[in-house]
Amino acid sequence: MNPQLTRWTGPEGLPRFDLIHDTDFAPAFDQALAAAEAANEAIAANPDAPDFDNTIAAMETADEDLNRVLSVFYTLAGVDSNDVRQALQRDFAPRLAEYGSRISMDPRLYARVRAVAAAADGLSPEDRRITELALRDLTRAGAGLDEAGRGRMAQIRARLAVLTTEFTQNVLTDERDFVLSVADDALAGLPDWLVRAMRAAARERGMTGQVVTLNRSLIVPFLEHAQDRALRETAFRAWTARGSGSGAGGAATDNLPLVSEILALRHERAQLLGYADFASYKLETQMAATPDRVRDLLSQVWTAARARALSDQQVLAQMLHEDGVNGPLEAWDWRLYAERHRARAHDFDADDVAPYLTLDAMLGAVFDVAHRLFGLEFQPLEAPLWAPDVRAWRITRGDQLMAVFVGDYFARPSKRSGAWCSALQMQHKIGDGQRPIVVNVCNFTPPDQPGAPAFLSWDDARTLFHEFGHATHHILSDVTWPSISGTSVAQDFVELPSQLYEHWLEQPAVLDAHARHHETGDVLPADLRDRMLAAGRAGAGFSTVEYLESALVDLAFHEGAPASDPMARQAEVLTGLEAPDAIPMRHATPHFAHVFAGDSYAAGYYSYMWSEVMDADAFAAFAETGDIFDHATARRLEETILSRGGSAPADQLWMAFRGRMPGVDALLKGRGLD
């Protein structure tokens, strides 16, 4: 094994990515997996009576080396995929599923954990918590089933691992392979910064001229500004065809058969464990608890959002007709006319703001907010990472190292789409303890030439703040055990810190300090700032409807018997909602990676809105003090939520911070839907 995969020797304990090669992963995986299996076997076969130390605590570190190998591998597979790494993913997935099944359904481990849980009254709160969670996880994995049930559960998990890996790779293939050339005479309406980005994308692919790809930071502004309706339609159809078999990869990337099988296997898995369906199984451990509570929340917001969207649609359709286009407003028209209407209604042009929203300026804002709220300091860290434009920082508070933070911000053809936060290393206090190594990944449009500034859209800036909000959950983590560290919380609680952090981006005090012109250094003018913020809320009907469509389809997929024809079920849900034809789901089924690239957000896509109910109320706690950087409130947020990870149930952590459960009123007001 290449020792760099388990004993990281880079600055501040980072992996030495320059010394790690694709050929290292297979032997390292084999050895680390064997070591993890041996460690778990030693726990299960221990002749001593089970206690916390020889069972629960031992399980916390049994697969430490395996986790380190995989954290490096899956980071690289996400940010810089290639054929070798994709093949390794296909090989690792079923083997990891088989390993997970053996451990989580080992009747010997189950008996030991049950014995420790039965005598847990004398344990500390944290130790009792991880014991309860270990028993819950083993039970939900199927450890309490008979031999035949455990065997079938293992088969299901192995097959799901293969299917979800294939789903992800199919979407990535369609995203990577689609390129739309745009002729010089079709650039009308496109802002200069977008044309420069399109030309940079062409050069990156060895092409001349300018192109549109399926990178969200490129295709969305193209749909907002391109006057050529035929080109908009072509780009939009390619964007929404990902994973459908009609995208760039053709039938080879058709995810619909995979989706049908995934849904059927999830349903069978839930029923094996005694649940009515997968939604009931999944939601049992979430704050929402039941599908009915989820539907109640989403329905309250849907009515207001749909009414706003239909009102907007009438205005936009009239604008379309004024341009001499007959027929209805189509999905590829909405963004263009919404952008025009927003500019007209609020006297706002996004091009006027672009020079003030550079990546460096917005990173300065992100870090300044973290300093003013939590006292964090950021020092650039030189380290060998996976691409030249990836950056790292050392984060401290006083004399204490809090974390190492890595930012990979620019799109590349080999990178998975979207944005995410992950941890190469989780915080814990076992032995000498360790601080987290946190990674934020985005897909912003890179500069058009070396040394030039990178310009962000307002949505990009919001994404930057969102992902760093997740990072604060890791950076401020202060627990003993890695299994409850950082973002290891209920799925419908995990988005609270990220969405809460977004609120500071909209504050005049933050924008006035950091949104400065990249050439002159001038502050973003107050009137332009206010018009930008007002314009940002103008599309609330559209954005809320497209999100809720996806969330409600996800819930419907996992309630009751699985759909044999997922697209028919999707259509049935949207018809029942009377969803506007011109607003498709944010994530149509064939590329709904949140739900079908793994189980994390399956029957859980609603969690963004569940968390938004809380984040609106949490920011109100700061506003009520008259100081959005109020130190006492920030300290309470850190002590009750951000530092606690999963050391207590989510509703208890929330109540400790706010003292009451929130309602939807603040959410509706924040979205301008009240």
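Our structure's up above, just so we're on the same page.
Thresholds applied
- Residues numbered from 1 in each chain as written.
- Predicted model: local features only at pLDDT ≥ 70, side-chain atom pairs only at ≥ 80, totals over all residues.
- Heavy atoms only, no water.
- Helix = DSSP H or I, 4+ residues; strand = E, 2+ residues; numbered from the N terminus.
- Rg over C-alpha atoms; globule rule 2.2 N^0.38 Å.
- Buried < 20%, exposed > 50% of the residue type's maximum accessible area, 1.4 Å probe, protein only.
- Areas by Shrake-Rupley, 256 points an atom, 1.4 Å probe, with all protein chains shown as cover.
- Lys, Arg positive; Asp, Glu negative; His and termini not counted.
- Charge placed at Lys NZ, Arg CZ, Asp CG, Glu CD.
- Pairing = 2+ DSSP bridges.
- Axes fitted to C-alpha atoms, helices over the stretch in contact; angles between N-to-C directions.
- Contact = heavy atoms within 4.5 Å.
- Expected span 1.5 Å × (residues − 1).
- Bend = angle between axes of the 7 residues up to and from the residue.
- Polar contact = N/O pair within 3.5 Å; in protein donor to acceptor, adjacent residues only side chain to side chain.
- Left-handed = near helix turned anticlockwise from the far one by under 90°.
- Nonpolar A, V, L, I, M, F, W, Y, C, P; charged D, E, K, R; others polar.
- Core = buried A, V, L, I, M, F, W, Y, C linked by side-chain atoms within 4.5 Å.
- Phe/Tyr/Trp six-rings, centres within 6.5 Å; stacked < 30°, edge-to-face > 60°.
- Salt bridge = Lys/Arg side-chain N within 4 Å of Asp/Glu carboxyl O.

### Re the overall build of the protein
Here comes step 1: Looking only at helices and strands, the protein features 27 helices and seven strands.
Here comes step 2: Relative to a compact globule of 674 residues, whose C-alpha radius of gyration would be 26 Å, the protein shows 25 Å and is just as compact.
Here comes step 3: Expressed as a percentage of the 674 residues in the protein, the buried residues total 57%.
Here comes step 4: Summed over its atoms, the accessible surface of the protein is roughly 26,200 Å², and 49% of this surface lies on carbon and sulfur atoms.
Here comes step 5: Each charge class in the protein can be summarised by its mean position, and for the 62 positive and 96 negative side chains these summaries are 1 Å apart.

### A short note on the sheet that holds strand 6 (residues 420-425)
Here comes step 1: In spatial order, the strands read 3-4-5-7-6; together these five strands make up an open sheet with mixed pairing. If you trace the sheet from one side to the other, it starts and ends with strand 3 (377-380) and strand 6, each paired once. Taken pair by pair, the neighbouring strands of this sheet meet at an average axis angle of 30°, ignoring direction.
Here comes step 2: With five bridges joining them, strand 6 and strand 7 (residues 437-444) adopt antiparallel strand pairing. Opposite Cys421, over in strand 7, you have Asn440 as the bridge partner.
Here comes step 3: Across the sheet, helix 16 (residues 359-374) lies against strand 3, strand 4 (391-397), strand 5 (400-410) and strand 7, angled at about 15° from strand 4, the strand it touches most.

### Quick word on helix 4 (residues 83-104)
Count 3.6 residues to each turn of an α-helix, and residues three or four apart come out pointing the same way.
Here comes step 1: Between its first and last C-alpha atoms helix 4 spans 31 Å; for 22 residues at 1.5 Å apiece the expected length is 32 Å, and the two agree.
Here comes step 2: The largest bend in helix 4 is about 25°, located at Phe92, with the proline Pro94 one to four residues further on.
Here comes step 3: Near the N-terminus of helix 4, the side chain that reaches the backbone nitrogen of Val84, with its oxygen 3.1 Å away, is that of Asn82.

### What about the pairing of strand 4?
Here comes step 1: Across four bridges, strand 3 lies against strand 4 in antiparallel orientation. Bridged to Gln379 within strand 4 is Arg394.
Here comes step 2: Taken together, strand 4 and the strand that follows it, strand 5, pair antiparallel across an intervening segment of two residues, in which Gly398 is found at a positive phi of about 65°.

### Side note on the packing of helix 1 (residues 22-44) against helix 3 (residues 64-79)
The description of two helices packed together rests on the angle between their axes and the distance between the axes.
Here comes step 1: Packing of helix 1 against helix 3 brings their axes to within 8 Å, and their N-to-C directions diverge by 145°. Here helix 1 runs over helix 3; the crossing is left-handed. In contact with Phe25, Ala28, Phe29, Ala32, Leu33 and Ala36 of helix 1, helix 3 contributes Asp65, Leu66, Val69, Leu70, Val72, Phe73 and Leu76.
Here comes step 2: Here the residues of the contact of helix 1 with helix 3 are counted per class, giving 12 nonpolar, no polar and one charged.

### Overview of the nonpolar core
Here comes step 1: Counting residues in hydrophobic clusters, the biggest one holds 142 residues, and the most contacted among them are Phe468, Phe493 and Trp504.
Here comes step 2: In contact with Phe493, other than residues within four places in its own chain, are Met287, Ser611, Met614, Ile641, Ala650, Leu653 and Trp654.
Here comes step 3: Ranked by size, the runner-up nonpolar core spans 41 residues in total, among them Phe17, Ile43, Leu70 and Ala387.

### Some points on the packing of aromatic side chains
Here comes step 1: Applying the stated rule across the entire model yields 32 aromatic pairs.
Here comes step 2: Ring plane angle 80° and centroid distance 6.4 Å describe the contact between Phe236 and Trp239, whose orientation is recorded as edge-to-face. A residue pair is termed a helical-turn pair when its members lie 3 or 4 positions apart in one helix, as Phe236 and Trp239 do in helix 10 (residues 229-240) at three residues. Trp239 matches Phe236 in its accessibility class, with the two residues each being buried.

### Regarding helix 3
Here comes step 1: Helix length check: helix 3, at 16 residues, gives a terminal C-alpha distance of 23 Å against a target of 22 Å (1.5 Å per residue), a fit within 8%.
Here comes step 2: Counting buried residues in helix 3 gives 12 out of 16 residues, a clear majority hidden from the surface.
Here comes step 3: For helix 3, the set of buried residues is Leu66, Arg68, Val69, Leu70, Ser71, Val72, Phe73, Thr75, Leu76, Ala77, Gly78 and Val79.
Here comes step 4: Its buried side turned inward, helix 3 meets helix 1, helix 4, strand 5, strand 6 and strand 7.

### Remarks on the packing of helix 9 (residues 216-225) against helix 10
Here comes step 1: It is at 10 Å that the axes of helix 9 and helix 10 come closest, and there the two elements cross at 145°. The hand of the helix 9/helix 10 crossing is left-handed. Facing helix 9, whose interface residues are Arg216, Ile219, Val220, Phe222 and Leu223, helix 10 presents Leu231, Arg232, Ala235, Phe236 and Trp239.
Here comes step 2: In terms of residue class, the contact of helix 9 with helix 10 is made up of eight nonpolar, no polar and two charged.

### Section: the environment of Tyr601
Here comes step 1: Structurally, Tyr601 can be placed in the loop between helix 23 (593-596) and helix 24 (607-623).
Here comes step 2: Take Tyr601: its relative accessible area is 13%, and that puts it in the buried class.
Here comes step 3: Here the alpha-carbon distance between Tyr601 and Asp22, two residues 579 residues apart in the chain, equals 30 Å.
Here comes step 4: Setting aside residues no more than four positions away along its own chain, Tyr601 makes contact with Lys282, Gln491, Val494, Glu495, Asp554, His594, Val595, Ser607 and Tyr608.

### Quick word on the side chain of Arg269
Here comes step 1: Of note, Arg269 is situated in helix 11 (residues 256-272).
Here comes step 2: The exposure class assigned to Arg269 is buried, which follows from its relative accessible area of 13%.
Here comes step 3: Apart from residues lying up to four places away in sequence, Arg269 is in contact with Met153, Ile156, Leu160, Tyr281 and Asp599.

### Quick word on unusual backbone geometry
Here comes step 1: Phi at Glu578 takes a positive value of approximately 55°, unusual for a residue other than glycine.
Here comes step 2: By the secondary structure assignment, Glu578 is in the loop between helix 22 (566-577) and helix 23.
Here comes step 3: Of note, the phi angle at Ala603 is positive, near 55°, even though the residue is not glycine.
Here comes step 4: Structurally, the position occupied by Ala603 is in the loop between helix 23 and helix 24.

### A short note on the environment of Thr303
Here comes step 1: Looking at where Thr303 falls in the secondary structure, it is placed in helix 13 (residues 291-322).
Here comes step 2: Along the backbone, Thr303 and Val545 are 242 residues apart, and their C-alpha atoms lie at a distance of 9.5 Å.

### Examining the pattern of salt bridges
Here comes step 1: Tallying each qualifying case throughout the model produces 47 salt bridges.
Here comes step 2: Residues Arg102 and Glu37 are paired through a salt bridge, measuring 1.8 Å at the closest nitrogen-oxygen approach. Of this pair, Arg102 sits in helix 4 while Glu37 is found in helix 1, placing the two residues 65 residues apart along the sequence.
Here comes step 3: Of the charged contacts, one joins Arg295 and Glu559 as a salt bridge, the two residues approaching to 2.0 Å between their closest N and O atoms. Remark: Glu559 occurs in the loop between helix 21 (540-558) and helix 22 and Arg295 occurs in helix 13; sequence separation between them is 264 residues.
Here comes step 4: According to the relative accessible area criterion, Arg295 is partly exposed, its value standing at 29%.
Here comes step 5: Note on Glu559: relative accessible area 23%, which makes it partly exposed.
Here comes step 6: Here the salt bridges share partners, and the residues they tie into one network are Asp389, Asp408, Arg412 and Lys415.

### Remarks on the environment of Val79
Here comes step 1: You can see Val79 is positioned in helix 3.
Here comes step 2: Among the residues examined, Val79 registers a relative accessible area of 1% and is labelled buried.
Here comes step 3: Taking C-alpha positions, Val79 is 32 Å from Ala556, a pair spaced 477 residues apart along the chain.
Here comes step 4: Beyond its immediate stretch of four places on either side in the chain, Val79 contacts Trp386, Asp408, Arg412, Ser414, Lys415, Trp420 and Val441.

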